[in-house]
Amino acid sequence: AVSRLLEILEIDHSPIDLMVVGSDRVTIGRPTITVALERSTRCVMGYHLSLAGHGVPAVFEALRHAFLPKAYLSDRYSDLNLSWPCFGWPERVLMDNGREFHADAVADALLNLGVGCEFSKSRSPNDKPFVERFLRTLNYSLIHKLKGTTLAKAHKRVDFKAEEDAVLTLEELDRIIHVWICNVYHLRPHRGLEHRAPINVW
């Protein structure tokens, strides 16, 4: 349980259930997303989308995105008029036991900022349930509706190949995720927040 804003920031990775293409529209792979989610409001404070996996650089990029204002929105997505006011330094960052989270560089950087590091118990997703649930919601509510989805279950991939259906570049997928977080997820009433929207609780 938490009692105040920015008390705990949960962070985790997940493969995106989608294949993306390069600038030549040839399928190049399946990206990974690293998400930092604020526990008391369920707001997404930052994320990093990459084809390079979930190493230490992905952790740093997601935390940087979470800690700093989203000042780039007015330039990069000027046509969308997005609002994403969530940023700041948390008291503690809750991570799992992946090697990238236990890296000395991550712990040193956080501690130098006055941010505590906590680790969930091994094989205990309920220690950081909100970011785990968000990652599932992202895939099921958004990604599975896009062309090129791999879906979550192999037995549901009948009569199609994600590699052949893929049409989105990594940049286009990043744009779609921005819109979905700002205009759908943050504005949708949440049962765990007494049916208030995350952005209103923020």
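Along each chain, residues carry numbers from 1 onward, in the same order as the chain's sequence is written. At least 70 in pLDDT is required for a residue's local features to be given in this predicted model, at least 80 for side-chain atom pairs to be given and counted, and no such filter applies to totals for whole chains, interfaces and linings, which use all residues. The side-chain quantities take in all heavy atoms of the structure and omit both hydrogens and water.

Draft legend 1. The arrangement of the nonpolar core in detail. Grouped together as the largest cluster of nonpolar side chains are 48 residues, with contacts concentrated most on Ile-33, Phe-134 and Leu-173. For helices the rule is a DSSP run of H or I covering at least 4 residues; for strands it is a run of E covering at least 2, with both sets numbered from the N terminus onward. Sorting the residues of this core by element identifies β1 (8-15), β4 (32-38), β5 (44-50), α1 (56-67), β6 (92-95), α3 (104-112), α4 (129-141) and α6 (170-183) as the ones contributing at least two each. Tallying contributions element by element places α6 first for this core, with six residues. Two residues form a contact once any of their heavy atoms are found within 4.5 Å. Among residues more than four places away in sequence, those in contact with Leu-173 are Ile-16, Leu-18, Val-20, Pro-31, Leu-49, Ile-143 and Leu-146. Throughout, nonpolar core names a set of buried Ala, Val, Leu, Ile, Met, Phe, Trp, Tyr and Cys residues whose side chains join them through atoms within 4.5 Å. Here's how the labels work: a residue is buried when its accessible area is under 20% of the maximum for its type, exposed when over 50%, partly exposed in between, all with a 1.4 Å probe on protein chains only.

Draft legend 2. Structural view of the pattern of salt bridges. Should a side-chain nitrogen of Lys or Arg be within 4 Å of a carboxyl oxygen of Asp or Glu, the pair is scored as a salt bridge. Taken as a whole, this structure holds eleven salt bridges when the rule is applied. One salt bridge in this structure joins Asp-79 and Arg-175, with 2.5 Å as the shortest N-O distance. Of this pair, Asp-79 sits in the loop between α2 (73-76) and β6 while Arg-175 is found in helix α6, placing the two residues 96 residues apart along the sequence. Through salt bridges with shared partners, one network takes in Asp-12, Asp-96, Lys-128 and Glu-132.

Draft legend 3. Quick peek at the layout of surface pockets. What the largest pocket holds in volume is close to 390 Å³. Among the elements that line the lining of the largest pocket, the one with the most residues is α4, at six residues. Polar here means any residue other than Ala, Val, Leu, Ile, Met, Phe, Trp, Tyr, Cys and Pro, which are nonpolar, and Asp, Glu, Lys and Arg, which are charged; Gly is therefore polar. The class makeup of the residues in the lining of the largest pocket is seven nonpolar, four polar and four charged. In this analysis, the protein atoms alone were mapped onto a 1 Å grid. Cavities are point sets where a 1.4 Å probe fits without being able to get out; pockets are open sets with protein on both sides within 12 Å along at least five of seven lines; lining residues have an atom within 4 Å of a point. Grid points are joined across faces, edges and corners, and a volume is the space filled by probe spheres set on the points. Empty space within the second largest pocket amounts to approximately 330 Å³. Along its surface, the second largest pocket is lined by 15 residues, and Tyr-47, Glu-61, His-65, Tyr-72 and Arg-76 are the ones closest to its centre. Taken together, the elements giving at least two residues each to the lining of the second largest pocket come down to β5, α1 and α6. Ranked by residues supplied to the lining of the second largest pocket, first place goes to α6 with four residues. Its residues placed into classes, the lining of the second largest pocket shows six nonpolar, three polar and six charged.

Draft legend 4. Quick peek at the pairing of β4. The element β4 is extensively covered by neighbouring structure, given that seven of its seven residues are classed as buried. Going residue by residue along β4, you find Thr-32, Thr-34, Ala-36 and Glu-38 tucked away on one face and Ile-33, Val-35 and Leu-37 tucked away on the opposite face as well. Pairing between strands requires that DSSP locate at least two bridges from one strand to the other. Where β1 and β4 come together, seven bridges link them in antiparallel fashion. If you follow Glu-10 over to β4, its bridge partner there is Leu-37. Bridge count between β4 and β5: six bridges; the pairing is antiparallel. Note that in β5 the partner of Ile-33 across the bridge is Leu-49.

Draft legend 5. Structural context of the pairing of strand β7 (residues 116-119). Bridge count between β6 and β7: four bridges; the pairing is parallel. Along β7, the bridge assignment pairs Arg-92 with Gly-116. Handedness of the crossover joining β6 and β7 through α3 is recorded here as right-handed. Think of it like this: strands point away, you trace from the first strand over the helix to the second, and a clockwise trace means the crossover is right-handed.

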